[in-house]
Amino acid sequence: MAVKNLYIGTSGWSYPKGEGTWNGYFYPADRKVDELLYYSHYFRTVEINSTFYRPPAPNMAKNWAKRVPADFRFTVKLWQKFTHPRMYAKATGEADAVSQDDVDSFCRGIEPLSECGKLGALLAQFPPSFTNDNQGQSILQGIINHFRQFRLAIELRHRSWTDDPATAILFRENKIAWVNIDEPKFSSSLADDVPNTADFAYFRFHGRNKEMWWKGNVETRYCYLYSPEEIRELTARVTAAVEKTTCAYVFFNNHWKAYAPRNAVDIMKALDLPIPESVPFQHPLINDE
């Protein structure tokens, strides 16, 4: 397996507050650390989720790039105005129509990552309510048109997209990676597997906490630790994709109490990838977690 082209990490690196905090589980509880620098000692990639809430400032992106090793790669989640317009309007009270200024602002913000070679891909994550209808197709085409100069990965969640062969054709024609996800299954969920549609693969593993998926909050929904058997299942999916692509990004989003980095290390071991001698889990797992 081409280790240099397989990037494994977590969705986000900073979870300082709340029940699901990483402090005392991944980051030390007894001292303050530069979390990104600390994280980059153990993983070669991270998915930036703060960009979902606002476009990044260029100086912030430049600072991120300076704090990580040369072979580290960031992937960047697109601003919610592009993918969740109703959520954006509700959160801000502003109009949700996307302008060229919005696109330009976002692109300027991530330019420092691109310039130094540390931008892996852009992630467009759509909600489960995003369906394959005229409006959905129009929004999807807009994303492709606006960001085609980047390596683009698109996460769809509604089954109407996998039920339509035209989706894979569109992605292949535009060299877009169809994000392979793992999450609780419902009647509206995607088919189990999505095809490889680009020269790179992109995985997001959200956990399988079906009981809390709709009634939980942004922390408890992701309270799920993959078992060794499930890690073997996910490993098989990653291995199959890597054989057909030039590189792959794998992110765990089950972020409750640093479950994500635990499982990221688990899959690195299962893939026989090198891992640091001392992985810094500060707190042992206990039965009631």
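This report concerns the structure included in the present document. These numbers were taken from a predicted model, which means no experiment stands behind them.

A word on the layout of surface pockets
- One number sums up the size of the largest pocket: a volume of about 1100 Å³.
- Lining the largest pocket are 33 residues, and of these Tyr53, Lys77, Val218, Tyr222 and His255 lie nearest its centre.
- Residue classes in the lining of the largest pocket are distributed as 14 nonpolar, 11 polar and 8 charged.
- The computed volume of the second largest pocket comes to approximately 410 Å³.
- Lining the second largest pocket are 20 residues, and of these Thr83, Pro85, Phe130, Gln135 and Ile139 lie nearest its centre.
- Those elements that place two or more of their residues in the lining of the second largest pocket are helix H3 (80–83), helix H4 (85–92) and helix H6 (134–147).
- The element best represented in the lining of the second largest pocket is H6, accounting for 6 residues.

Focus on H6
- Over its 14 residues, H6 runs 20 Å from end to end, which matches the ideal 20 Å to within 8%, given 1.5 Å per residue.
- All of the buried residues along H6 are Gly136, Leu140, Ile143, Ile144 and Phe147. Across the axial projection of H6, the buried residues extend over an arc of 95°, all falling on one side. Counted as exposed and oriented over 90 degrees from the buried face of H6: Asn134, Gln135 and Ser138.
- Buried residues belonging to H6 abut H3, helix H5 (100–115), strand S4 (119–125), strand S5 (152–155), helix H7 (159–162) and helix H8 (165–173).
- Sitting at the amino-terminal end of H6 is aspartate 133, which places a side-chain oxygen 3.3 Å from the backbone nitrogen of glutamine 135.

A closer look at the packing of helix H9 (residues 228–242) against helix H10 (residues 259–270)
- Orientation of H9 relative to H10, taken along the N-to-C sense of each, is 65°, at an axis distance of 10 Å. H9 and H10 meet at a crossing whose hand is right-handed. When H9 is examined against H10, the residues Ile231, Leu234, Thr235 and Val238 are found in contact with a partner set consisting of Asn263, Asp266, Ile267 and Ala270.
- Within the contact of H9 with H10, the residues separate by chemical class into 5 nonpolar, 2 polar and 1 charged.

So, the side chain of glutamate 47
- Mapped onto the fold, glutamate 47 is located in strand S2 (residues 45–48).
- Note on glutamate 47: relative accessible area 0%, which makes it buried.
- Within polar-contact distance, the side chain of glutamate 47 engages the side chain of serine 11 at 2.8 Å.
- Setting aside anything within four residues of it in sequence, one finds glutamate 47 in contact with Thr10, Ser11, Gly12, Thr75, Leu123, Tyr202, Arg204 and Phe251.

Parameters and conventions
- Residues numbered from 1 in each chain as written.
- Predicted model: local features only at pLDDT ≥ 70, side-chain atom pairs only at ≥ 80, totals over all residues.
- Heavy atoms only, no water.
- 1 Å grid on protein atoms, 1.4 Å probe; cavity = no way out; pocket = protein on both sides within 12 Å on 5 of 7 lines; lining within 4 Å.
- Points joined across faces, edges and corners; volume = space filled by probe spheres on them.
- Nonpolar A, V, L, I, M, F, W, Y, C, P; charged D, E, K, R; others polar.
- Helix = DSSP H or I, 4+ residues; strand = E, 2+ residues; numbered from the N terminus.
- Expected span 1.5 Å × (residues − 1).
- Buried < 20%, exposed > 50% of the residue type's maximum accessible area, 1.4 Å probe, protein only.
- Arc of directions from axis to C-beta.
- Contact = heavy atoms within 4.5 Å.
- Polar contact = N/O pair within 3.5 Å; in protein donor to acceptor, adjacent residues only side chain to side chain.
- Axes fitted to C-alpha atoms, helices over the stretch in contact; angles between N-to-C directions.
- Left-handed = near helix turned anticlockwise from the far one by under 90°.

Bear in mind that shape data such as this cannot, by itself, settle questions of function.
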